[in-house]
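# Structure assessment
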Amino acid sequence: QVQLVESGGGLVQAGGSLRLSCAASARTFIRYTMGWFRQAPGKEREFVAAISWSGGNPSYADSVKGRFIMSRDNAKNTVYLQMDSLKPEDTAVYSCAAALRVGVTASPSLYNYWGQGTQVTVSS
């Protein structure tokens, strides 16, 4: 069982930045591919970014490419999502997820564990 706890969400003006963190309880954290997803009210859950166990080859949704950076610190069992140049359409609940025995993937069905999420609100 892996517990994931997100933090760092909040209210920010358009053009601003936020840094989300996701702390994992797993002693074998290094074995997990990690992902960030988001869900806005009335919309489907959407892939944001994912990163391999080594931190290499992060993958991003086209909508965030060039603005968001995902990273991980395996010594701290934590992944991060640096979000810059935020737009009102980035407003959503952001959740991190952990996938075992898969490579970097945008498919939510392949993730085994999910956090509760943190709200990000971008005002215009």
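Shown above is the structure to which this text applies.
Just so it is clear, the model here is predicted, and its values are computed rather than measured. (Residues numbered from 1 in each chain as written. Predicted model: local features only at pLDDT ≥ 70, side-chain atom pairs only at ≥ 80, totals over all residues. Heavy atoms only, no water.)

Once that is clear, we can look at the pairing of strand β11 (residues 118-123). In regular strands, side chains alternate between the two faces of the sheet. Here β11 shows one buried face, formed by T118, V120 and V122, and one open face, formed by Q119, T121 and S123. The pairing of strand β2 (residues 10-13) with β11 spans 4 bridges and is parallel. Among the inter-strand pairings, Q13 is bridged to a residue of β11, identified as S123. Direction of pairing for strand β9 (residues 92-100) relative to β11: antiparallel, over a ladder of 3 bridges. For Y94, the partnering residue across the bridge sits in β11 and is T118. (Buried < 20%, exposed > 50% of the residue type's maximum accessible area, 1.4 Å probe, protein only. Helix = DSSP H or I, 4+ residues; strand = E, 2+ residues; numbered from the N terminus. Pairing = 2+ DSSP bridges.)

Quick look at the state of the cysteines now. Evaluation of the coordinates by the stated rule reveals 1 disulfide. Between the sulfur atoms of C22 and its disulfide partner C96 the distance amounts to 1.9 Å. Negative torsions about the S-S bond denote left-handed disulfides, and the value of about 50° found for C22 with C96 makes this one right-handed. Taken as a pair, C22 in strand β3 (residues 18-24) and C96 in strand β9 lie far apart in primary sequence, 74 residues in all. With respect to burial, C22 and C96 carry one shared label: buried. (Disulfide = S-S within 2.5 Å.)

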